[in-house]
Structures are given as C-alpha cells and as structure tokens.
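Residue-level listing of the chains:
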Amino acid sequence: MSGTLFIITAPSGAGKTTLVRSLLRRDHQVRLSISYTTRVPRAGERDGGDYHFVDVQTFKALRDAGEFLEWAEVHGNYYATSKVWIKEQIEKDHDILLEIDWQGAQQVRKVFPQAVGVFIMPPSMEELENRLVGRGTDSESTIARRMLGARSEMRHVGEFDYVIINNELHVALDDLVSVVRASRLRYTKQRARHPGYFDYLEQD
Ligand code: 5GP
C-alpha cells in the first residue's frame, strides 16, 4: 500500500471544511471520502457530492450488512465511511482523506494503524465562540451546546499525530500541505512506491 490514509478531525467552527477544500484544490492526488449520513442536507449540499444522504432505515441496513469501515452518532445524526470505496482506493494506491469525528478516527486507527491523524484546532476557545456567534445562524443555547461539544472533541487531540492551529487560513493550509507531503515521504511509502529501486539495494 503506497497510498496514505489521512484522518482529519476538528470541532465545528475550527475551519476544517474550508481547509480541506483548499487542500484538495492544491493537491490533486488526495481523494476525499464521501460519507453516509442521516442528517438532512443543508442548503447547497448535493447528494453524492457532500454526503450520501440516506434515511435511518437505509443507514442501519447498510451498517448491519457490514458496508461501513466505521460509523458514529454525532449531534443526533448517524455518519459512516464506506468500506468498499476505501478498499478500491487503497488497491489503486491513492491517497485518501477522511473528514470524520474522533469516534470514527479511533475505529479507523484500529484497522489502519498507519493512518495519519490530523487534528485542526481553533486559535482559542474565545475565538471559537466568536466564530460561532459571528455566523449569526445559531441561538445562544445552540452555541453553548456547540462550545461544550467542541471541548469534548478537543479532549481527544492527543490521539492524533499532527495538530494544526487554524489562526490564519493560509498558514494553516501550508501546514496541512506540509503534513500531506511529508507523510508521502515516509520510508514505508517510498519503498512501496519504488519496490525495484529498493530491492536492488538489498541484492548482494
Ligand atoms: P456535519 O453534519 O457538520 O457535516 O458534520 C458533523 C460531524 O460529523 C463532523 O465532526 C464530521 O467530522 C463528522 N463526520 C462526517 N462524516 C463522518 C463519518 O463518515 N464518520 C464519522 N465518524 N464522523 C463523520
């Protein structure tokens, strides 16, 4: 397996989606996994593009049939990663990016211990609250709930290999691009990518 599996996790409001979109524009080798969810689509979201939107019954049927690499309940909705898609991409030696929560990250690590985990943090709790308030879409109680949720997500930061503090988007993006590029250069990946070259060195 010469491709790398990246797991990106962040509390809501840390800027993960913007960062990931920018990374995909800069690095065409990375493919984004489209998750399944039972959440209703937000304005502008496309089925098959942002998520595979399914009802709870379909989700449970797929889960029980073993179709998911991992699944979790987040904010009252179900989310999951397709096993078949991941398997196909791995067989093609592609780099894969999973945008999932900490519970999903734990499950994926069990199956793929060599996965590279990246946690995106907001600059501070104050700044996170400012961002959530600034969106102007949520009530005070929703914001308070999201702040609590963010804190419990962030308690898992130590389970990740890399931490990016998203203070300025362009700096955080450079950091993320660096993590992706450096991960590709690990010995095991280079060896898998150029087997003939490395085999030659081991010949007597
Ligand atoms: P949202 O509904 O805002 O798009 O996502 C809510 C949360 O669900 C985010 O923390 C996101 O990372 C997480 N999430 C999205 N897809 C998956 C998935 O396939 N598996 C898991 N475990 N979490 C996911």
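It should be emphasised that the depicted structure is a prediction, and the values quoted were computed from it without experimental measurement.

A. Structural view of the sheet that holds strand β4 (residues 52-53). Sheet architecture is open: four strands sit in the order β4-β3-β6-β5, paired in mixed fashion. Every other strand in the sheet has two partners, leaving β4 and β5 (68-74) as the edge strands with one partner each. By the bridge criterion, six bridges tie β5 to strand β6 (residues 77-82) in an arrangement that is antiparallel. By the bridge assignment for β6, A72 is matched with Y79.

B. A look at the site of the ligand. In the vicinity of the ligand lie 15 residues, with S35, R39, Y51, E70 and Y79 positioned nearest. The contact in question runs from an oxygen atom of the ligand to an N or O atom on the side chain of S35, over 2.6 Å. A distance of 2.4 Å separates an oxygen atom of the ligand from a polar side-chain atom of Y79. Protein burial of the ligand: of its 520 Å² of free accessible surface, 89% is covered by the chains. Mapped by element, the contributors of at least two residues to the shell around the ligand are β5 and β6. In terms of residue class, the shell around the ligand is made up of six nonpolar, three polar and six charged.

C. Just the pattern of salt bridges, in detail. One pass over the full model with this rule turns up 12 salt bridges. A salt bridge links K16 to E99; the shortest N-O distance between them is 3.9 Å. Within this pair, whereas K16 is found in helix α1 (residues 16-26), its partner E99 is found in strand β7 (residues 95-99), the two being separated by 83 residues in sequence. Assessed through its relative accessible area of 17%, K16 is described here as buried. The class of E99 is partly exposed, set by a relative accessible area of 23%.

D. Representation of unusual backbone geometry. One non-glycine residue, H75, lies in positive phi territory at about 50°. If you trace the backbone, H75 turns up in the loop between β5 and β6. Phi is positive for D93, which is not a glycine, with a value near 60°. Within the secondary structure layout, D93 lies in the loop between α3 (83-91) and β7.

Parameters and conventions
- Residues numbered from 1 in each chain as written.
- Predicted model: local features only at pLDDT ≥ 70, side-chain atom pairs only at ≥ 80, totals over all residues.
- Heavy atoms only, no water.
- Pairing = 2+ DSSP bridges.
- Helix = DSSP H or I, 4+ residues; strand = E, 2+ residues; numbered from the N terminus.
- Near = heavy atom within 4 Å.
- Polar contact = N/O pair within 3.5 Å; in protein donor to acceptor, adjacent residues only side chain to side chain.
- Areas by Shrake-Rupley, 256 points an atom, 1.4 Å probe, with all protein chains shown as cover.
- Nonpolar A, V, L, I, M, F, W, Y, C, P; charged D, E, K, R; others polar.
- Salt bridge = Lys/Arg side-chain N within 4 Å of Asp/Glu carboxyl O.
- Buried < 20%, exposed > 50% of the residue type's maximum accessible area, 1.4 Å probe, protein only.

Coordinates in, geometry out; function isn't part of it.
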